[in-house]
Amino acid sequence: MGEERKKIIIDCDPSADDALGIMLALASDELEVVGITSVFGVCPIEQSTENAMRILKLEGREEIPVAKGAAGPLSGFIKFDHLYGGADGMSETGIPQSGLSPVKAKATEWLREKIEVCAGEITILSTGPMTNLAGLLTEYPSVREKICRILTISGSYGVRPDKRGWNPRPSWNVLADPQAASVVMESGVFIQAAGFDVTGLLSNHMTEKILEKGRKDSPRFQFFQKAVEYNLRNGLEPFSLLVDSMAVVMAVLPDAFEFMEGKAVVETEGTWMKGQTLFGTKGYLDGSRSRVRAAYSLDKEKITNLLIERLFL
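Here the structure is a predicted model, which is why all the values come from computation and not from measurement.

## Here's the deal with the overall build of the protein
For the protein, the helix and strand inventory stands at 11 helices and nine strands. Taking 20 Å as the expected radius of gyration for a compact globule of 313 residues, we find that the protein reaches 18 Å, a close match to that expectation. For the protein, the spread of C-alpha atoms along the principal axes amounts to about 55 × 50 × 45 Å. Intrachain contacts of the protein at a sequence separation of at least 6 include 81% that bridge at least 24 residues. Carbon and sulfur atoms make up 51% of the accessible area of the protein, which amounts to about 13,400 Å² in all. For the protein, the distance from the average site of its 35 positive side-chain charges to the average site of its 42 negative ones is 1 Å.

The structure is reproduced here in structure tokens:
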């Protein structure tokens, strides 16, 4: 018998980079996608939810449920900027409307139900603001012990050996709702993270290789090509489209990363430090119950080959 598939739920704010992560998860036999929860982010929650369903429709996986989540951060507000993903958040890639509807339950309730039914089996992949997850842990604290782990690309941990990124700007997902990220990071749920400082090692050479090697008539390839073209038109790095996929790569190819154990807290106040992730090892942050494995390196060749083989051939 083969190895049992890992049950995952993807909590995301679907834009083109989240879309690639969802596609990779659906293309990976190691994973069973139990469902998707949407959150505000690049675009408002109604569009974010529709985008999740558009991706599932494109992939022919309409049976996977989508639960609509938070429309804004725990406190304050967010101003939506169409630069990053265009008016629909999907980089003007032309994906048709889904014609689907989300489940009736709100995201926190739906998450609680699935986690309790599959206690200890659910891994959450977090590629957007952590507002849904903070709501879940606050409203239903008993589920904390029933979550297998959280894999995220949020945060910036300052652990690269070359010391670049040791004093970075906050990652966008954390800055969008630092209070939520603080709740999740200090919850005691085991978190494995490829943060902003390490995903900065991804390169445009990777996207160029994908465009060179990929099958040109594939719908996924055409989607990716249009997203790259959008980024180039708008002064955005093409490799940024690969960032959210790293949460999925950690689930299916963990040896593409090297990690160190520690604890993380999030600064929730202040003009200059708000949204910063503080990470420490060897006794630092002893007062926190946080449990975080932060990536300090990644193997670009392994990751590029994985993406090409599973998505674009």
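Following the structure, the description resumes.
## A word on helix α11 (residues 300-312)
Compared with an ideal rise of 1.5 Å per residue, which puts 13 residues at 18 Å, α11 spans 17 Å between its outermost C-alpha atoms and is within 8% of the ideal. Among all positions in α11, only Ile 303, Thr 304, Leu 306, Leu 307, Ile 308, Leu 311 and Phe 312 are buried. Those residues of α11 that are buried are in contact with α1 (16-26), α8 (204-213), α9 (219-233), α10 (245-252), β7 (257-266) and β9 (291-298). Two to three positions downstream of the cap, the backbone nitrogen of Glu 301 sits 3.2 Å from a side-chain oxygen, assigning the N-cap of α11 to Asp 299.

## Let's talk about the packing of aromatic side chains
The geometry of an aromatic ring pair comes down to the distance between the two centres and the angle between the two planes. Enumeration according to the criterion identifies three aromatic pairs in this entry. Taking the centre distance of 5.8 Å and the plane angle of 90° together, the rings of Tyr 157 and Phe 279 count as edge-to-face. On the criterion of sequence distance, the pair formed by Tyr 157 in the loop between β5 (147-152) and α5 (172-176) and Phe 279 in strand β8 (residues 277-280) is long-range, its members being 122 residues apart. Note on accessibility: Tyr 157 and Phe 279 belong to one class, buried.

## Digging into the sheet that holds strand β2 (residues 31-38)
The sheet built from nine strands is open, its strands ordered β3-β2-β1-β4-β5-β6-β9-β7-β8 with mixed pairing. In this open sheet, the two strands that pair with only one neighbour each are β3 (66-68) and β8. Taking each pair of neighbouring strands and ignoring which way they run, the sheet shows an average axis angle of 30°. Bridge count between strand β1 (residues 6-12) and β2: seven bridges; the pairing is parallel. Bridge pairing in β2 links Ile 8 to Val 33. Contacts from α1 reach β1 and β2 within the one sheet, and its direction differs from that of β1 by about 170°. Lying on the sheet, helix α2 (residues 45-58) is in contact with β1, β2 and β3; it crosses β3 at an angle near 175°.

## Details of the pattern of salt bridges
Tallied over the entire structure, the rule returns 15 salt bridges. Among the salt bridges present, the one from Asp 88 reaches Arg 54, with a minimum N-O distance of 3.3 Å. One end of the pair, Asp 88, is in the loop between β3 and α3 (107-117); the other, Arg 54, is in helix α2, and 34 residues separate them in sequence. Exposure remark for Arg 54: the relative accessible area of 2% places this residue in the buried category. With its nearest N and O atoms 3.1 Å apart, the salt bridge here joins Glu 116 to Arg 112. Here Arg 112 and Glu 116 lie together in helix α3, a separation of four residues that amounts to about one turn. Here Glu 116 falls in the partly exposed class, since its relative accessible area comes to 33%. It is possible to trace a salt-bridge network through shared partners that takes in Lys 7, Glu 32 and Glu 121.

## Things to note about the packing of α9 against α11
Where α9 contacts α11, the two axes come as close as 9 Å, and the packing angle between them is 125°. Classified by the interaxial angle, the pair formed by α9 and α11 is oblique. For the pair formed by α9 and α11, the contact residues are Arg 220, Phe 221 and Phe 224 on the first element and Arg 310, Leu 311 and Phe 312 on the second. Taken together, the residues of the contact of α9 with α11 sort by class into four nonpolar, no polar and two charged.

Rules used throughout
Residue positions within a chain follow its written sequence, with the count starting from 1. Reporting in this predicted model follows two pLDDT cut-offs: at least 70 for local features of residues, and 80 or more for side-chain atom pairs to be given and counted; totals over whole chains, interfaces and linings ignore these cut-offs and use all residues. Hydrogen atoms and water are omitted, and side-chain values are computed over all heavy atoms in the structure. Runs of H or I in DSSP of at least four residues are treated as helices and runs of E of at least two as strands, each being numbered from the N terminus. Using C-alpha atoms as the atom set, the radius of gyration is obtained and then compared with a globule rule of 2.2 Å times the number of residues to the power 0.38. The contact definition used throughout considers only heavy atoms, calling two residues in contact when any of these lie within 4.5 Å. Every accessible area reported is derived by Shrake-Rupley at a probe size of 1.4 Å, with residue values counting cover from the shown protein chains alone. Charge convention: Lys and Arg are scored as positive, Asp and Glu as negative, and His as well as the terminal groups of each chain are ignored. A charged residue contributes its charge at one atom only: NZ of Lys, CZ of Arg, CG of Asp or CD of Glu. For a helix, the expected span equals 1.5 Å multiplied by the number of residues minus one. Exposed residues in this analysis have more than 50% of their type's maximum accessible area, buried residues have under 20%, and partly exposed residues fall in between, with area computed by a 1.4 Å probe over protein chains only. Counted as a polar contact is a pair of N or O atoms within 3.5 Å, where, for protein atoms, one must be capable of donating a hydrogen and the other of accepting one, and residues adjacent in sequence contribute only when both atoms are in side chains. Planes of paired rings set the category: under 30 degrees apart is stacked, over 60 is edge-to-face and the rest tilted, where pairs are Phe, Tyr or Trp rings (Trp by its six-membered ring) whose centres lie within 6.5 Å. At least two DSSP bridges between two strands are needed for those strands to be called paired. For helices, the fitted axis covers only the stretch in contact; all axes are lines through C-alpha atoms, and the angles between them, taken along N-to-C directions, range from 0 to 180 degrees. One side-chain nitrogen of Lys or Arg within 4 Å of one carboxyl oxygen of Asp or Glu is enough to make a salt bridge. Between 65 and 115 degrees an angle is taken as roughly perpendicular, under 35 as roughly parallel, over 145 as roughly antiparallel, and anywhere else as oblique. All amino acids are sorted into three groups, where Ala, Val, Leu, Ile, Met, Phe, Trp, Tyr, Cys and Pro are nonpolar, Asp, Glu, Lys and Arg are charged, and the leftover types, Gly among them, are polar.

In short, the description is geometric, and any link to function would need to be established separately.
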